[in-house]
Amino acid sequence: MILVLYAVSQSHNEESEYLAQKNAKGAKRERSPMTRNGDEYVRGLRDGRRVFLNGEQVKDVTAHPAFGGGVRTVAQLFDLTHDPTNRELLTYPSPRDGRSVNKAWLVPRTRADLAARRRGIKFLADQSYGLLGRSPDHVASFFAGFAGAPSFYARGGQQFADNLSRFAAKAADEDLYLSYVIVHPTVDRAKPAHQQAEPYLYAGAAAERDNGIVLRGAQMLGTGSVVSDYIFVTVILPLRPGDEDYAISCVVPNGAPGVKLYPRRPYALGPTSLFDYPLSSRYDETDSLVVFDDVVVPWENVFIYKNIELTAGQFSVTSAHVLGNTQSHIRSLSKLQFLVGLVKRCMDASGRSAGAWISAELGDLATQVSLVEGMILGAEA
């Protein structure tokens, strides 16, 4: 508890110092906008992607009632990042040309960088009350970890390290929304990938060409894949010797030929109105089974190729797992704060807030949420 309180105290001091420095510097040099706005994001989703729902192909995910609310919510996040008012909070100067880049892509080198990432992530998470589980800054945080460790990828060959660095820069500069599929579908967990009933039930490199690899099979969970720009394809589950074909790490555009997305039943199909269903109608990015039907992945989009050790280590040897899950923790804090506020409003509406027992319970809930915040700040310190 003492450590948590110390971390909170230190964070408050750091926040005060940050604000003092910002005010002292005054207006900073204006950076030309780099991030996409919401309209540009929405237009990018009309790329011919093949999404199948209830046995039918969805013609336009941006207009479909199952996905339109989620698309608009994500578009609002891009608008907020694009807004010059939020530039200091949500962006940083690109190391390549100085233009504004979303802070989710910032490779942290100092504690100040970690704090800057946290402030931006928390602001965006608050917009959906923490309910948008895999917002654009989630997989971007994993890539910040990947991009900070090019020497790790060079173990498989310098070209793969170059590929990773190049794509991470592209994704940051173009403010891409990445989702991921990193779990094998549940078929027979007692058998390794290469001993399943038939080859490439799981996504793997089925062939090799001069211009790239041929990706075949299925992967999950595809949270946000229906409404993202690229899908990061790899596996976080343990692989065994003989599974080399499945030991890959690459990215695929959502509209690439051969990519098929099969989302679960979306929550937004049930709500009859925004008023009655303010959360499920807007904050469901859905999960999908993603099928790769002989998708050609150019070599420049391949980061790990048939290397079991590197496939496993990309999350733990680099800081990717830490940064990606820190984003999740910050988002969860927003959700917890929302829930405590909701309980308080319910008690206010029923006239029970003033009761001693209810006040004590509300105080206990608020304390527990503050402990979560304190642990986030402590980890950052």
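Data block above holds the structure.
Within each chain, residue numbers correspond to sequence positions counted from 1 in written order. Only residues with pLDDT of at least 70 get local features here, since the model is predicted, and only at 80 or more are side-chain atom pairs given and counted; chain-wide, interface and lining totals rely on the full set of residues. Only hydrogens and water are set aside when side-chain values are computed; all heavy atoms of the structure are taken into account.

### Observations regarding the environment of Leu 336
So, step 1. Numbering of helices and strands runs from the N terminus; a helix is a DSSP stretch of H or I covering at least four residues, while a strand is a stretch of E covering at least two. Within the element layout of this structure, Leu 336 appears in helix 10 (residues 320–349).
So, step 2. When accessible area is computed with a 1.4 Å probe and restricted to protein chains, residues below 20% of their type maximum are described as buried, those above 50% as exposed, and intermediate ones as partly exposed. With relative accessibility at 30%, the residue Leu 336 sits in the partly exposed group.
So, step 3. Residues Leu 336 and Ser 370, 34 residues apart in the sequence, show an inter-C-alpha distance of 9.5 Å.

### Focus: the pairing of strand 7 (residues 212–221)
For a regular strand, side chains alternate in direction, first toward one face of the sheet and then toward the other.
So, step 1. Extensive coverage of strand 7 is indicated by the burial of seven of its ten residues.
So, step 2. Note: strand 5 (residues 178–183) against strand 7, two bridges, orientation antiparallel. Paired with Val 183 across the strands is Met 220, a residue of strand 7.
So, step 3. Two strands qualify as a pair provided DSSP detects at least 2 bridges between them. Note: strand 6 (residues 204–209) against strand 7, five bridges, orientation antiparallel.

### Here we look at helix 5 (residues 111–127)
So, step 1. Working rule for helices: expected span equals 1.5 Å times residues minus one. Taking 1.5 Å per residue as the helical rise, helix 5 with its 17 residues ought to reach 24 Å, and the 25 Å between its terminal C-alpha atoms agrees with that figure.
So, step 2. When we look at burial in helix 5, the residues that qualify are Asp 113, Ala 115, Ala 116, Arg 117, Arg 118, Arg 119, Gly 120, Ile 121, Lys 122, Leu 124 and Ala 125.
So, step 3. Of the residues one or two after helix 5, Tyr 129 is the one with positive phi, at around 55°.

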